Amino acid sequence: MSLTRVPLIPEDFLSVSVLALIAGALAAVYLWTSTRSYFRRRYALVKFARSLPGPPTLPLLGNALEFAVNPEGKSSRVPLKNIIIIYYNPSFFPHEETFDRVIDIIKNNEKTFRFWLGPQLVVVLTDPRDYEIILGSPKASYKDPIYRMMEPAVGQGLVSGSGPRQRTHRKIVMPMLNGRALTTYLKCFNIHSHYCRKLMEDTIQHGEFDVLPFLTNCTTDMMLETIFGISGAAQRGGYKRFVHYSDRIYEFIHLRMFKIWLHPDFIFERTEMGEEQRTGLKIIHGIVDQAIARKKREHVALARGAITEERPRVMLLEQMIDHMMKNQSMDDLELRYQIYTVYIAAQDTIAVISSFTLLMLAMHPGIQEKVREEVVEVLGGSEDVEEVHLSDFKYLERVIRETLRLFPIAPLMVRRTTGVIELESCTIPENCSVVIAAFRTHRNEEYWDHPEEFNPDRFLPENCNKRHPFSYIPFSGGLRGCVGQKFAIICLKTIIANLVRSCRFETSVKMEEIKLKMDISIRSRCGYRMKIIK
Ligand code: HEM
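Residues numbered from 1 in each chain as written. Predicted model: local features only at pLDDT ≥ 70, side-chain atom pairs only at ≥ 80, totals over all residues. Heavy atoms only, no water.

Under an unreviewed UniProt entry, the protein has the name Cytochrome P450 4C1 isoform X1 and belongs to Fopius arisanus. Under Function (unreviewed entry), UniProt gives the following word-for-word description of the protein: "May be involved in the metabolism of insect hormones and in the breakdown of synthetic insecticides." Check the Cofactor (unreviewed entry) section of the UniProt entry for the protein; it says "heme". (UniProt positions renumbered as here; feature names shortened; annotations may be inferred.)

**Focus: the pairing of strand 8 (residues 433–436)**
Side chains Ser433 and Val435 of strand 8 all project onto a buried face; the interleaved residues Val434 and Ile436 project onto the opposite face, where all are buried too. Pairing analysis gives four bridges linking strand 2 (residues 120–125) to strand 8, with the strands arranged parallel. In the strand pairing of strand 8, Val124 is matched with Val435. Relative to strand 8, strand 5 (residues 413–416) runs antiparallel, the two being bridged by four bridges. Within the sheet, the bridge partner assigned to Arg415 lies in strand 8 and is Val434. (Buried < 20%, exposed > 50% of the residue type's maximum accessible area, 1.4 Å probe, protein only. Helix = DSSP H or I, 4+ residues; strand = E, 2+ residues; numbered from the N terminus. Pairing = 2+ DSSP bridges.)

**A short note on the nonpolar core**
In terms of nonpolar packing, the biggest core is built from 151 residues, with Met200, Leu316, Leu358 and Phe505 touching the most fellow members. In terms of residues, this core owes the most to one element, helix 13 (residues 332–363), which gives 18 residues. Aside from chain neighbours lying at most four places away, what touches Met200 is Phe209, Val211, Phe214, Leu215, Leu358, Leu499, Phe505 and Ile532. (Core = buried A, V, L, I, M, F, W, Y, C linked by side-chain atoms within 4.5 Å. Contact = heavy atoms within 4.5 Å.)

**Topic: the environment of His323**
Tracing the backbone shows His323 in helix 12 (residues 316–327). Expressed as a C-alpha distance, the spacing of His323 and Ile172, which sit 151 residues apart in the sequence, is 8.4 Å. His323 has contacts with Ile172, Met176, Gln328 and Ser329, leaving out every residue within four places of it along the chain.

**Describing the UniProt feature "transmembrane region" (unreviewed entry) in the protein**
With numbering matched to this structure, UniProt assigns "transmembrane region" (unreviewed entry) to residues 13–32. Here residues 13–32 is 100% helix and 0% strand, with 28 Å between the C-alpha atoms at its ends.

**Here we look at empty space enclosed by the protein**
Taken as a whole, this structure holds one cavity of 30 Å³ or more when the rule is applied. If you add up the space inside the largest cavity, you get close to 40 Å³. Looking at the lining of the largest cavity, the elements that each hand over two or more residues are helix 8 (212–228), helix 9 (240–258) and helix 13. Looking at the lining of the largest cavity element by element, the count peaks at four residues for helix 9. Looking at side-chain class alone, the lining of the largest cavity contains three nonpolar, four polar and one charged residues. (1 Å grid on protein atoms, 1.4 Å probe; cavity = no way out; pocket = protein on both sides within 12 Å on 5 of 7 lines; lining within 4 Å. Points joined across faces, edges and corners; volume = space filled by probe spheres on them. Nonpolar A, V, L, I, M, F, W, Y, C, P; charged D, E, K, R; others polar.)

**Focus: the site of the ligand**
Around the ligand, the surrounding shell holds 29 residues, and the nearest of these are Tyr147, Gln166, Arg170, Arg480 and Cys482. Taking Gln166, its side chain carries an N or O atom lying 3.0 Å from an oxygen atom of the ligand. Elements supplying a minimum of two residues to the shell around the ligand: helix 6 (164–178), helix 13, strand 5 and helix 19 (485–500). Ranked by the residues each element gives to the shell around the ligand, the list is headed by helix 13, at six residues. (Near = heavy atom within 4 Å. Polar contact = N/O pair within 3.5 Å; in protein donor to acceptor, adjacent residues only side chain to side chain.)

**Some details on the pattern of salt bridges**
If you walk through the whole model with that rule in mind, you get 28 salt bridges. Measuring nitrogen to oxygen at the nearest pair gives 2.8 Å for the salt bridge that ties Arg165 to Glu334. Placement of the pair is Arg165 in helix 6 and Glu334 in helix 13, with a sequence separation of 169 residues. Given the relative accessible area of 42%, Arg165 is considered partly exposed. The salt bridge involving Lys295 is made with Glu318; its shortest N-O contact spans 2.9 Å. Residue Lys295 is located in helix 11 (residues 272–304), and its partner Glu318 is located in helix 12; the two are separated by 23 residues in the primary sequence. Neither Lys295 nor Glu318 differs from the other in exposure class; each is buried. Through salt bridges with shared partners, one network takes in Lys111, Asp127, Arg129, Glu424 and Glu446. (Salt bridge = Lys/Arg side-chain N within 4 Å of Asp/Glu carboxyl O.)

And the structure:
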């Protein structure tokens, strides 16, 4: 009988140990190189920050507490008691004054300066030459992680997302918004703005009223129809919760962006706001998902020949579903987020800018009269604004452009660099947040005479030629510029023309009384009050 010798250490064990050793060594090398590269990048960032001017900072918090505006007014530094309040009630600090604070900081610093939002370095730019480089650079085409606050509502949608997927979806959506669909959209803009005028006229006997709620409902109906392809009824009292919660969500997104203690989801979700956001999004996403399901059923029924087209399928959701079913270009969740992104980007901006335009016209009766004369002359006997009229609204277009100068919908835009970028004012390292302070540039006397005055003639061609093209960027520009600019201008012209041709607006509000705030976009804190004179 032969005895087999049993090895003291099994061979399997030896080979496993060798493999474990190799894996351990590789992990250690990886850890070492990534830690070293992290500290190198961090060192470069800190070194760069030291080379820039900026307000004094606190350890760890940097300048973050500058935005913790005291409930009683405006304090530049928050005392300890307020930090305790933040801990127990993170949603405590109002954000109405945050915008004033931000603009004060930008005005009181150099043209290019640095800011620490906790551990994150932020470089603020105000020079149009720098904007031109940044907005055109692929190394600055990524949105800052601060846009993550939008994700519960719109995921990695066109506005908040970055990278190849965003670029592909942008390429899909852009022609859909700018092609033959615009003529169909124009019909819908006319219908809803005529109804809005009727509703406003009914308020004549009540004196001054705020036009924003009227225009919010009007633009909700326009966007439900042109973007979702469903008949909106907000002006007739429908979609109340959809409108209400959309407004609240815009507010929460912005509030979170500036209050770093609300950034972690586990804190925000435990606040009352977090709970309200969850409820609101359930309702909003429910409506969006229903619209998607309905349009998909229609697509299938059309393909089978079970139904016939009542009108060309040009509403954005219809075009996107047709594209998606044919090319597998996005899944259902992506579609939900993209379509709601475009809805927000269009509805809120147009409601706010048309309200500001009416306010400017109500404050400047001479300018309003000139707009009315132009509209009456261009439209002649036509009830509706038609495609042929649009390019003849030259003065109205200047009025809209001047409104967008004073009230740029995105007063600050933030990018995160993915490489080193040479600017006119400095060389920005990788992984740095860069703020494009459009609001400051739009009101800077270096580029505009008497910048606080409302003067549409600044946009006469001969005056535009004298300015740097990036001193005016209401629609941003370059790689991440607005995809709905043409849509927006057509919609705004239709709304204003249909209102102004038969209503005369008057207001007691003065320019210097307008205080601004930011939700997801810029807004007036005291509303847009005016009355209609017949
Ligand atoms: C007066 C109206 C409007 C203004 C002033 C405006 C302005 C802007 C600005 C400044 C941006 C860049 C934002 C940033 O970088 O953070 C932007 C992006 C965008 N806008 Fe508009 N917008 C308007 C209307 C619209 C409309 C009507 C639509 C769609 C129908 C739209 C769709 C978008 C989309 C999808 C983006 C994201 C583009 C990207 O990042 O690739 N916007 N808009």
